[in-house]
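# Residue-level structure breakdown
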Amino acid sequence: MNSAMPAVSKTRSFSTVFLIEMWERFGYYGMQALIIYYMVERLGFQDTPANLTWGAAAALIYVAPAIGGWVGDKFFGTRHTMLLGACVLTVGYALMVVPAHSTNFLFLALGVIVVGNGLFKANAGNLVRKIYEGDDTKIDSAFTIYYMAVNIGSTFSMLLTPFIKDYFNAPFDGQLTWLLGSNAQHLFGDNLGWHIAFAVCCVGLLVGLGNYLVMRHTLSFIGSEPDHHPMKFWKLLAVLVGGIVVVFISAFILKERTVAQYFVLVAGACVLAIFAWLIASCHRSERAGIIIALILVIETVFFFIFYQQMSTSLNLFALRDVDPAFRLFGVHLFNWIPAQFQALNPLWIFALSPILAVLYTRAARRGKDLSIASKFALGFLAVAIGFFIYGAAGHFTTSPGKTSQWVMVWGYGFGSLGELLTSGLGLAFVARYVPARMGGFMMGAYFVASGVAQYAGGKVATFASVPSNITDPVEMMPIYTKLFNALGWAGIACTIFAGIVALVLWWLDRKGILRFSQNQADSVPAAAQGMPTVAAEQ
């Protein structure tokens, strides 16, 4: 148990989890940066099936940790499950390296990634909790630093993999001859760049596993109960067989869009059923808090619909209607690869996080800190402004049908500010307004609801699907800006709704109707209050 830990510092144990998380996110976001382009440009998908496929995959990827967390905590061990998840993810990215040019093979690879992410994601975070278990003074800062691993890994991979894809997809012109001689020409052209870029994602996981192998002794006494007993082969076999079954179920869901839609509807119905059961079975004094939590989780779902546009509609918009030349005061500095625009999200988070941290600290010292609900409303407002900036792209063109890169820079800036003000607040609301004994049910419901939002975001992106007969950027521009302006107005509506909810919460707290929540108010970690994190990272 943790009480029997040898003389290994918590910092060293934390560093082990931090590094494997960083490399795992390097692989995941490197893949995410390219996946929509890969489907459209390499496999010949139209916009609508590409957006829906990735929306369904993201939903499965997000829901899977709710199951993987249980496997780690109760059955296979938190540490063992995390390590197995990293191995499965390595296999998933290795499958993406195979130039199969087959949609069925893609669905299979994504299914493996779903299972790997489910086994890894929740258990890595749980290990951080277990490392600092009982040390409340350090757990907040630990999670804040831990979430920076997400941003570090995602930033470098989303900048690197698009460059590698373009570099190796280019016709051979002497590249790498100094290193590989005449063999270099076999790596260029023929779309091999896609698969070499995916190989980089796989290598990232291998580096993470190698790092874990070297530092594994720092986690020897950290984990759930099953971790403290010899691994049983039948349990490993059960997890692997179960994982294989889930791989094929996931691939089937991705292939059959109608099945994916029904899956999402059933998942959403299950979330509502869980809330209905909790509301019906709880004590009368707890009912108001659970209803408020339901409303706020729904707000979180709407945020993820906006967030999902980064990898879908905004990604395709960057490909077709954004000038690749980056200029400052009329001076051309460099060209930005379209898929790299997603890296603006973590870059802005790096820039904005310390500013918000200072503002929060100063406001708290003066007794004027905004409530979480108020930050949520401001977050929606920032998201709305970001989409209105995208919607105005047609007014900032540098050539017919091509808008300035600064539209993307500032749009992502406001979107990232909105993320910092809202990301993770659904979990914070659960911690504040729901009795502790219902926390497990509610956390699972939250993750499932957020997975539903990923699919809904892909569905929304289809409203900007460009017909195959339109190739002129001038004709494409209004298709995208119409959606972006609509999302801007939707953000305004969410801001108004969130503002009303904030006022209601203020009134309820003032009247003492949510008295039980005050015992939990101070237990909400800083990382769950919108500090450095990527939206889906909990």
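Residues numbered from 1 in each chain as written. Predicted model: local features only at pLDDT ≥ 70, side-chain atom pairs only at ≥ 80, totals over all residues. Heavy atoms only, no water.

For the protein chain, the count of helices and strands is 18 helices and four strands. Counting the 538 residues in the protein chain, one finds 57% classified as buried. Here the analysis covers contacts within the protein chain between residues at least 6 apart in sequence; of these, 83% occur between residues at least 24 apart. Looking at the protein chain as shown, the accessible area adds up to about 22300 Å², and 68% of this sits on carbon and sulfur atoms. (Helix = DSSP H or I, 4+ residues; strand = E, 2+ residues; numbered from the N terminus. Buried < 20%, exposed > 50% of the residue type's maximum accessible area, 1.4 Å probe, protein only. Contact = heavy atoms within 4.5 Å. Areas by Shrake-Rupley, 256 points an atom, 1.4 Å probe, with all protein chains shown as cover.)

What follows covers the confidence of the model for the protein chain. Confidence in the prediction of the protein chain, expressed as mean pLDDT, is 87, and 89% of residues score 70 or more. Overall, residues 516–533 carries pLDDT values under 50, and its contacts beyond four positions in sequence, including any with other chains, amount to 60 contacts. (pLDDT = per-residue confidence, 0-100.)

Below, the discussion takes up the pattern of salt bridges. Taken as a whole and assessed by the stated rule, the structure comprises seven salt bridges. Its salt-bridge partner being Lys 121, residue Glu 21 comes within 2.7 Å of it at the nearest N-O pair. Residue Glu 21 is located in helix H1 (residues 10–42), and its partner Lys 121 is located in helix H4 (residues 103–131); the two are separated by 100 residues in the primary sequence. Both residues of the pair, Glu 21 and Lys 121, belong to the buried class. (Salt bridge = Lys/Arg side-chain N within 4 Å of Asp/Glu carboxyl O.)

Right, let's get into the pairing of strand S2 (residues 331–335). Pairing of strand S1 (residues 325–328) with S2 involves four bridges; the strand directions are antiparallel. The partner of Ala 325 across the bridge, within S2, is Asn 335. Linking S1 to S2, which pair antiparallel, is a turn of two residues; within it Phe 329 sits at a positive phi near 55 degrees. (Pairing = 2+ DSSP bridges.)

Here we come to the packing of aromatic side chains. Inspection of the entire model under this criterion finds 33 aromatic pairs. On the numbers, 5.9 Å between centres and 40 degrees between planes, the contact of Phe 334 with Trp 336 is tilted. The buried category is assigned to Trp 336, whose relative accessible area is 13%. Aromatic ring contacts, followed pair by pair, group Phe 306, Phe 317, Phe 376, Phe 380, Phe 387, Tyr 390, Tyr 412, Tyr 480 and Phe 484 into a single cluster. Sitting over the ring of Phe 75, Lys 235 keeps its end group 5.3 Å from the ring centre. (Phe/Tyr/Trp six-rings, centres within 6.5 Å; stacked < 30°, edge-to-face > 60°. Lys NZ or Arg CZ within 6 Å of the ring centre and 35° of its normal.)

Once that is clear, we can look at unusual backbone geometry. Residue Leu 176 is not a glycine yet carries a positive backbone phi of 60 degrees. Here Leu 176 shows up in the loop between helix H5 (136–169) and helix H6 (177–180). Despite not being glycine, Phe 329 shows a phi value in the positive range, around 55 degrees. Inspection of the secondary structure assignment puts Phe 329 in the loop between S1 and S2. The exposed category is assigned to Phe 329, whose relative accessible area is 82%.

In this section: the environment of Phe 163. Tracing the backbone shows Phe 163 in helix H5. For Phe 163, a relative accessible area of 43% puts it in the partly exposed group. For Phe 163, the contacting residues outside a window of four places in its chain are Ile 337 and Gln 340.

Bringing the nonpolar core into the picture now. Across soluble globular proteins, nonpolar side chains have a tendency to be buried as a group. With 144 residues, the main nonpolar core has Met 31, Ile 35, Ile 36, Trp 54, Tyr 93, Met 408 and Tyr 412 as its most contacted residues. Broken down by element, the residue count for this core peaks at 17 residues, all from H1. Once residues lying within four places of it in the same chain are set aside, the contact partners of Met 408 are Leu 314, Phe 317, Ala 318, Val 322, Phe 341, Leu 344 and Tyr 390. (Core = buried A, V, L, I, M, F, W, Y, C linked by side-chain atoms within 4.5 Å.)

The next thing to look at is the packing of helix H12 (residues 344–365) against helix H14 (residues 405–422). Taken N-terminus to C-terminus, the directions of H12 and H14 make an angle of 50 degrees; their axes are 9 Å apart at the nearest point. The angle between H12 and H14 falls in the class oblique. Note on packing geometry: the crossing formed by H12 with H14 is right-handed. The residues of H14 that touch H12, namely those facing Leu 344, Asn 345, Trp 348, Ile 349, Leu 352, Ser 353, Leu 356 and Tyr 360, are Met 408, Val 409, Trp 410, Tyr 412, Gly 413, Ser 416, Leu 417, Glu 419, Leu 420 and Leu 421. Split by residue class, the contact of H12 with H14 holds 13 nonpolar, four polar and one charged. (Axes fitted to C-alpha atoms, helices over the stretch in contact; angles between N-to-C directions. Parallel < 35°, antiparallel > 145°, perpendicular 65-115°, else oblique. Left-handed = near helix turned anticlockwise from the far one by under 90°. Nonpolar A, V, L, I, M, F, W, Y, C, P; charged D, E, K, R; others polar.)

Here we come to the state of the cysteines. Taken as a whole, this structure holds zero disulfides when the rule is applied. You can see Cys 202 has no disulfide; the closest cysteine sulfur is in Cys 201, sitting 8.6 Å from it. (Disulfide = S-S within 2.5 Å.)

Attention shifts here to a positive patch on the surface. A cluster of basic residues, Arg 362, Arg 365, Arg 366 and Lys 368, forms a positive patch on the protein surface. Assignment of secondary structure puts Lys 368 in the loop between H12 and helix H13 (372–391). Exposure remark for Lys 368: the relative accessible area of 64% places this residue in the exposed category. (Patch = residues over 30% accessible without salt bridge, like charges linked within 9 Å, V, L, I, M, F, W, Y side chains within 5 Å. Lys, Arg positive; Asp, Glu negative; His and termini not counted. Charge placed at Lys NZ, Arg CZ, Asp CG, Glu CD.)

Here we come to the side chain of Thr 312. Here Thr 312 shows up in the loop between helix H10 (284–307) and helix H11 (313–321). The exposure class assigned to Thr 312 is buried, which follows from its relative accessible area of 0%. At 2.9 Å, the side chain of Thr 312 and the backbone oxygen of Gln 308 are in polar contact. Those residues in contact with Thr 312, other than ones at most four positions away along the chain, are Ile 36, Asn 51, Trp 54 and Ala 461. (Polar contact = N/O pair within 3.5 Å; in protein donor to acceptor, adjacent residues only side chain to side chain.)

Okay, a nonpolar patch on the surface next. Residues Phe 233, Leu 237, Val 241, Val 245 and Ile 249 make up a contiguous nonpolar surface patch of roughly 480 Å² in combined accessible area. Residue position: Leu 237 is located in helix H8 (residues 233–255). Exposure remark for Leu 237: the relative accessible area of 41% places this residue in the partly exposed category.

Attention now moves to H12. Helical geometry: 3.6 residues make up each α-helical turn, so side chains three or four residues apart lie on a common side. Given a rise of 1.5 Å per residue, 22 residues ought to cover 32 Å, and the 32 Å separating the end C-alpha atoms of H12 matches this to within 8%. Maximum bend of H12: about 30 degrees, positioned at Leu 352, with proline Pro 354 one to four residues after it. Those residues of H12 lying buried are Leu 344, Asn 345, Pro 346, Trp 348, Ile 349, Leu 352, Ser 353, Leu 356, Tyr 360 and Ala 363. Remark: Gly 367 follows H12 within two positions and exhibits a positive phi of approximately 70 degrees. (Expected span 1.5 Å × (residues − 1). Bend = angle between axes of the 7 residues up to and from the residue.)

Packed helix pairs are characterised by how far apart their axes lie and by the angle those axes make with each other. For the pair H8 and helix H9 (residues 257–281), the least separation of the axes is 5 Å and the interaxial angle reads 110 degrees. Taken as axis vectors, H8 and H9 run roughly perpendicular relative to one another. Packed against H8, whose contacting residues are Phe 252, Ile 253 and Lys 255, the element H9 presents Arg 257, Val 259, Ala 260 and Phe 263 at the interface. Across the contact of H8 with H9, the residue classes break down as five nonpolar, no polar and two charged.

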